[in-house]
Amino acid sequence: MADYLHGVETINKGNAPKNVSEVKTSVIGIVGRAASSGWTEEPAVNTPIVIMKKEDVENKLGTSDEEGTLPYYLKKMYEQFDKQIPLIIAVNVGTDSGSSEPEDTNIYLVDHEGNIITDSEGNPIVIGDTIADAMDEVSGGDETEAPEVTAGDVAGNVVRKTGVYALLKSQVVTGYVPRIIIAPGYSQNLEVAQAMVSVCETLRARGFVDIDSDVENELSLALASRGNSEKVGGIYNTRISLFWPKLKSGDALYPMSLAAAAVRAKTDMDTSKGYHWSISSQSINGFSGLDIPVTYSLNVSSADSQILNSRGIVTVKNVGGLKFCGNRNSSFDSESSGGNTDHEVFEVTKTTGDVIEESIEYYTEQKIDQPINNVWIDSIVSDVNAFLRKLKARGAIAGGQCWYDPDENEPTEIMAGHIIFNYDDAATPPADRVTYQRSYNVDYLAQLGR
């Protein structure tokens, strides 16, 4: 018998419309090697692994030191955090004894996004090969020793989504999207850095790349790399920040990108700061100095730090402790006629723009397929404007507005289900240069003795 009721009831279906929510920017994506032992369960290869707490590093990636780059560097990264810990997506390209995935030399048919196209039975469509099938060679016959992990393994393959490209599977596999991409110990390799550029473009992420201080071990050499297309210093991209030299902790050296990713995530999670705050002048924990001395001056343009920053390279200063020094991404270079000079030259303004774009896109997903009418149009304009006002109140933008222009929306286009909205915004740049104009006022002297 159905429930009997003489009265009135309300059933809350929980389907109230969503407001525009900011995308999470503090998720770190790190690529490297797991340890060969010490883990609770052998780590998967080229598959995103979720690290939610410090204990996960040992349980999921092992306990070795420099042999396994992932546990070695993540252990150091955790020194930057206190209470708030960022979510980390780790990609293991193989253990310290070598890659456990044989090379597949088949050439596959792919779509315009690089995804492999399959036949009606779900099998990848092979359109050719370069040599005999490596999968069969490795799996059959005598046992062969796993090959050593190389920078090529870390860079990975865009079609098979391995190495750095495995981060493209993060949302499907883990439900999270990494927004800070690093490959410490490997990003100084151009092939790895170029893969990071590609992944960052796809994920709207920030990539932190190290200039190799083992090779560019003098300031002049680091600067010379900026014009060399065969080195990571030759990268000019708004999503990539370059770092030089390495950081020291005791006798050990660490890639600066490792600390940068940690400080970036920490700043993003800080409710008093956020993604619109630069990491420049933010403190770095757990390190004692640099492997190559970098002179610093606040107001002398010939200081090493000033010269590095002028070429789009971030470094570290020692002012009340070690702190990052530099706001601009690799798209900026004062010596290059093609160097970027627009608002996206700053890492934080580029990120703020990404957050605005993607947050509005995700919000609009709930509006897709609904009838286009005035109520629908007004709701979008109202919700987006509320979001932009929230960002202004937080100091992330100086202002912003969304509007609908009937003159831009032809009836035939609306009939086809296509509608256009406009919005503008102005991300707040960091105070990169402050100028005081001093003058001598003799009138003050006339007041003496009065």
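Placed above this text is the structure.
Presented here is an overview of the structure given in this document. Everything numeric in this text was worked out from a predicted model, so none of it was measured.

### Notes on helix 6 (residues 190-203)
The end-to-end C-alpha separation of helix 6 is 20 Å, in line with the 20 Å expected for 14 residues at 1.5 Å each. Taken residue by residue, helix 6 has Leu190, Val192, Ala193, Ala195, Met196, Val197, Val199, Cys200 and Leu203 as its buried positions. Its buried side turned inward, helix 6 meets helix 4 (151-155), strand 6 (180-182), strand 7 (206-210), strand 8 (240-243) and helix 10 (347-365). Between a side-chain oxygen at the N-terminus of helix 6 and the backbone nitrogen of glutamate 191 the separation is 2.9 Å; the capping residue is asparagine 189.

### Side note on the sheet that holds strand 13 (residues 322-325)
Strand order in this open sheet of eight strands is 2-3-1-6-7-8-12-13, and the pairing throughout is mixed. Edge positions in the sheet fall to strand 2 (48-51) and strand 13, since each of these pairs with one other strand and no more. Taking each pair of neighbouring strands and ignoring which way they run, the sheet shows an average axis angle of 30 degrees. Inspection of the sheet shows strand 8 paired to strand 12 (residues 313-318) by two bridges, in the parallel sense. Paired with leucine 242 across the strands is isoleucine 313, a residue of strand 12. Together, strand 1 (28-34), strand 2 and strand 3 (88-95) form the strand contacts of helix 1 (residues 54-61), whose direction differs from that of strand 2 by roughly 145 degrees.

### Topic: the layout of surface pockets
Empty space within the largest pocket amounts to approximately 890 Å³. Around the largest pocket, the lining comprises 25 residues; the ones closest to its centre are Leu298, Gln306, Asn309, Asp432 and Arg433. Per-element tally for the lining of the largest pocket: the top contributor is helix 9 (residues 304-310), with four residues. Tallied by class, the residues present in the lining of the largest pocket amount to nine nonpolar, 12 polar and four charged.

### Here's the deal with the pairing of strand 7
The element strand 7 is extensively covered by neighbouring structure, given that five of its five residues are classed as buried. With burial as the criterion, each face of strand 7 is covered, one bearing Arg206, Phe208 and Asp210 and the other bearing Gly207 and Val209. Sheet topology note: the strand 6/strand 7 ladder contains two bridges and is parallel. Counterpart to isoleucine 180 in the pairing with strand 7 is arginine 206. Regarding topology, helix 6 serves as the crossover connection from strand 6 to the parallel strand 7, and that connection is right-handed. Relative to strand 8, strand 7 is paired through four bridges, and the arrangement is parallel. Residue pairing for strand 8: phenylalanine 208 is matched across the bridge by serine 241.

### Describing the pairing of strand 2
Burial along strand 2 is two-sided: Pro48 and Val50 facing one way and Ile49 and Ile51 facing the other are all buried. The sheet contact formed by strand 2 and strand 3 spans four bridges and is antiparallel. Across the sheet, isoleucine 51 pairs through a bridge with isoleucine 88, a residue of strand 3.

### Quick look at the sheet that holds strand 9 (residues 247-249)
Ordered in space as 10-9-11, the three strands form an open sheet in which the pairing is antiparallel. At either end of the open sheet lies a strand with only one pairing partner, and these are strand 10 (252-254) and strand 11 (289-290). Where strand 9 and strand 11 come together, two bridges link them in antiparallel fashion. Each residue of the ladder has a partner; that of leucine 247, found in strand 11, is leucine 290.

### Points about the side chain of threonine 315
Mapped onto the fold, threonine 315 is located in strand 12. For threonine 315, a relative accessible area of 0% puts it in the buried group. Here tryptophan 244 takes part through its backbone oxygen, which lies 3.0 Å from a polar atom of the side chain of threonine 315. With sequence-adjacent residues up to four places away left out, threonine 315 is seen in contact with Trp244, Pro245, Met256, Leu290, Val294, Ser305, Leu308, Asn309, Lys323, Phe324 and Cys325.

Rules of the game
- Residues numbered from 1 in each chain as written.
- Predicted model: local features only at pLDDT ≥ 70, side-chain atom pairs only at ≥ 80, totals over all residues.
- Heavy atoms only, no water.
- Helix = DSSP H or I, 4+ residues; strand = E, 2+ residues; numbered from the N terminus.
- Expected span 1.5 Å × (residues − 1).
- Buried < 20%, exposed > 50% of the residue type's maximum accessible area, 1.4 Å probe, protein only.
- Contact = heavy atoms within 4.5 Å.
- Polar contact = N/O pair within 3.5 Å; in protein donor to acceptor, adjacent residues only side chain to side chain.
- Pairing = 2+ DSSP bridges.
- Axes fitted to C-alpha atoms, helices over the stretch in contact; angles between N-to-C directions.
- 1 Å grid on protein atoms, 1.4 Å probe; cavity = no way out; pocket = protein on both sides within 12 Å on 5 of 7 lines; lining within 4 Å.
- Points joined across faces, edges and corners; volume = space filled by probe spheres on them.
- Nonpolar A, V, L, I, M, F, W, Y, C, P; charged D, E, K, R; others polar.
- Right-handed = clockwise from strand over helix to strand, strands pointing away.

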